[in-house]
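Structural characterization, general
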Amino acid sequence: MVTKTEENQLNRLESQVDNGGSGAWEYLCLVRKLKLRRSDKVLKHGLSILNNPSKRSALGPEEWTLYEQVAVAAMDCQSLDVAKDCIKVLQKKFPDSKRVGRLEALLLEAKGSWELAEKAYSSLLEDNPLDQTIHKRRVAMAKAQGNIPGAIEWLNKYLEIFMADHDAWRELGEIYVSLQMYKQAAFCYEELILSQPTVPLYHLAYADVLYTLGGLENLQTAKKYYTSTIDLTGGKNTRALFGVCLCTSAIAQITKGKSKEEKEGAQVQSLAAKVLEKDYKQRAPDKLPQLTTALKSLTLSS
Amino acid sequence: MALDFAIGVFGVLILFHAAYSTIQYRGLLKITEEEFSGPPFNVVIELSLGLVLCMWAWASLTVPGKFLSIHPDSEKNRIVSLPANLDFMIFNHRGKVFPVEMDLKLKQ
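Residues numbered from 1 in each chain as written. Chains lettered and ligands numbered in written order. Predicted model: local features only at pLDDT ≥ 70, side-chain atom pairs only at ≥ 80, totals over all residues. Heavy atoms only, no water.

1. What about the domain arrangement of chain A?
Where the parts come together, the accessible area they lose is often given as the size of the interface. Note the cut-off: Domain ranges listed in this record stem from an automatic or a database domain assignment.
Taken domain by domain, chain A holds domain 1 (1-94) and domain 2 (202-302). Distance between the C-alpha centres of domain 1 of chain A and domain 2 of chain A: 41 Å.

2. Considering the interface of chain B and chain A
Formally: In this analysis, two residues are considered to be in contact whenever any of their non-hydrogen atoms come within 4.5 Å of each other. When two parts are put together, the accessible area they lose, computed with a 1.4 Å probe and summed over both, is reported as buried area. Any carboxyl oxygen of Asp or Glu that lies within 4 Å of a side-chain nitrogen of Lys or Arg is treated as forming a salt bridge with it. By the convention adopted, Pro, Cys, Tyr, Trp, Phe, Met, Ile, Leu, Val and Ala count as nonpolar, Lys, Arg, Asp and Glu as charged, and the other residues, Gly among them, as polar. Only strands that DSSP links by at least two bridges are regarded as paired with each other. The secondary structure listing takes helices from DSSP runs of H or I that are at least 4 residues long and strands from runs of E that are at least 2 residues long, numbered from the N terminus.
With 28 residues of chain B in contact, the opposing surface of chain A contributes 50 residues. Summed over both sides, the interface between chain B and chain A buries roughly 3900 Å², with carbon and sulfur atoms accounting for 61% of that surface. On the chain B side of the interface with chain A, the three residues burying the most area are Phe88, Phe91 and Leu106 of chain B, jointly 21% of the side's total. On the surface where chain B and chain A come into contact, there are two salt bridges. Here the side of chain B that touches chain A is composed, by residue class, of 14 nonpolar, six polar and eight charged. For strand 1 (residues 2-3) of chain A and strand 1 (residues 79-81) of chain B, the ladder comprises two bridges, and the chain directions are antiparallel. Along strand 1 of chain B, the bridge assignment pairs valine 2 of chain A with serine 81 of chain B.

3. Remarks on the packing of helix 1 (residues 4-18) of chain A against helix 3 (residues 39-50) of chain A
Between two packed helices, the angle of one axis relative to the other and the distance separating the axes together describe the packing. Residue and element names in this part refer to chain A. Our working definition: Axis definition: a line fit to C-alpha positions, over the contact stretch in the case of helices; interaxial angles, taken between N-to-C directions, run 0 to 180 degrees. Roughly parallel means an angle under 35 degrees; roughly antiparallel, over 145; roughly perpendicular, 65 to 115; everything else is oblique. Crossing handedness is read from the near helix: turned anticlockwise from the far helix by less than a right angle, it gives a left-handed crossing, and turned clockwise, a right-handed one.
Where helix 1 meets helix 3, the axes come as close as 12 Å, and the angle between the chain directions of the two elements is 50°. Comparing their axes, helix 3 and helix 1 come out oblique. At the point where helix 1 passes helix 3, the crossing takes the left-handed sense. Here Glu14, Val17 and Asp18 of helix 1 lie close against helix 3, whose contacting residues are Lys41, Lys44 and His45.

4. Looking at the side chain of histidine 45 of chain A
Residue and element names in this part refer to chain A. Applicable threshold: The cut-offs for exposure are 20% and 50% of the maximum accessible area for each residue type, with area from a 1.4 Å probe on protein chains only; residues under the lower value are buried, those over the upper are exposed, and the others partly exposed.
Locating histidine 45 in the fold gives a position in helix 3. Residue class for histidine 45 comes out buried when judged on its relative accessible area of 7%. Contacts of histidine 45, omitting those with residues within four sequence positions, involve Val17, Asp18, Ala24, Tyr27 and Leu28.

5. Examining the packing of helix 12 (residues 182-195) of chain A against helix 13 (residues 200-213) of chain A
Residues and elements named next belong to chain A. Look at helix 12 against helix 13: their axes get within 9 Å of each other, and the N-to-C directions meet at 155°. In terms of axis orientation, helix 12 runs roughly antiparallel to helix 13. For the crossing formed where helix 12 meets helix 13, the hand is left-handed. Counting all contacts with helix 12, which are made through Tyr182, Lys183, Ala185, Ala186, Tyr189, Glu190, Leu192 and Ile193, the residues of helix 13 involved are Tyr202, His203, Ala205, Tyr206, Val209, Thr212 and Leu213. Considered class by class, the residues forming the contact of helix 12 with helix 13 number 11 nonpolar, two polar and two charged.

6. A short note on the UniProt feature "domain: EMC2 TPR-like" (unreviewed entry) in chain A
The condition that has to hold: UniProt positions are given in the numbering used here, feature names are shortened, and annotations may be inferred rather than shown by experiment.
The sites that UniProt annotates as "domain: EMC2 TPR-like" (unreviewed entry) are residues 100-209 of chain A. From the first C-alpha to the last, residues 100-209 of chain A spans 39 Å; its make-up is 82% helix and 0% strand.

7. Overview of the pattern of salt bridges
Close approach of charged atoms allows side chains of opposite charge to pair. Residue and element names in this part refer to chain A. Scanning the entire structure with this criterion turns up 19 salt bridges over all chains. Notably, a salt bridge pairs glutamate 14 with lysine 41, separated by 3.9 Å at the nearest N-O pair. Placement of glutamate 14 in helix 1 and of lysine 41 in helix 3 is noted, with a sequence separation of 27 residues between them. For the pair glutamate 14 and lysine 41, one class covers both residues: buried. Lysine 41 is the salt-bridge partner of aspartate 18, the closest N and O atoms lying 3.7 Å from each other. Taken together, the residues aspartate 18 in helix 1 and lysine 41 in helix 3 connect sequence positions 23 residues apart. With a relative accessible area of 33%, aspartate 18 lands in the partly exposed category. One connected set of salt bridges, linked through shared partners, spans Glu14, Asp18, Arg38 and Lys41.

Structure representation (structure tokens):
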């Protein structure tokens, strides 16, 4: 989870390193800790450290982690020679390592030789039948080959064994959303919220899925989850604020002819609208008139 | 930080004042020839106050450097984005068609 301070720190380090300053190792450690996908920058700055023998020896034992990180980044940027060289260095240092074996299979995947990679993963699994990363790579391979139903099947089998892996639940939810199977996606996000109730972005994704499903009950639940996202982010998440406004107007449209007891919904909507206007005035004042007309049309149609 | 240091200095001064009052009290007891059982009640209060102030200053100056917010929705702690789910990363994305920078090589 990337917090606001960490994001600020990351942006600062990134601009510092991009403009030729020092702190490349700090930046790479931060990217590794926050598990971000900044492959082009990692490749560039990682290679600048590795190609410099004095900086490389200054790292000590962390040098090998850097080789691994640069190898994966190189594969993502399709610089397969760099990746092969890094893996060769790691193989020389750690000849019988499973971690290096995984990297080699990953390189086969990046090259596109799916059968060889599958064979490599199966042989690695024979020694270690409960290795989570290899199971997940098989899912990723199925996804990369375009076999989405196969990926779903592998992922479901994986989740039957490792039910607590929230990365896998998140991946399954995203796959279901891409296939428009929203009910199943809602189930996945429910699992995520159960295991980590204080992460607001899961509430937000769940509310999005419920809003897409539609129907009065789903819309009311979606509004509740948008408000809980606003609560957990201190009111700074613009998407949740918009979500509240849209949900209220959609609910009002459905219940147009029926009894009008609930007037407290309008209060939440007006508060959210006020916060949005204030935010836009501060950050994007030229878009403020568009926002006010859009919000007015939402309240008028209800 | 300067405020915490000032609080610490103030706490130490209070402790010194309490010590001075106890010495004066003992002098008084010597005059009236009574046993010294313990410092008077207000000196005890002064001692505990000095202790609290010194502990506060020490905690805020050394451990952990500054007090961090514990609210999950504070401006500093709020979660802005999720990690990129690197276990399921695939490599045949549209970025493959970008030209590779030729000078990127690992020197042996």
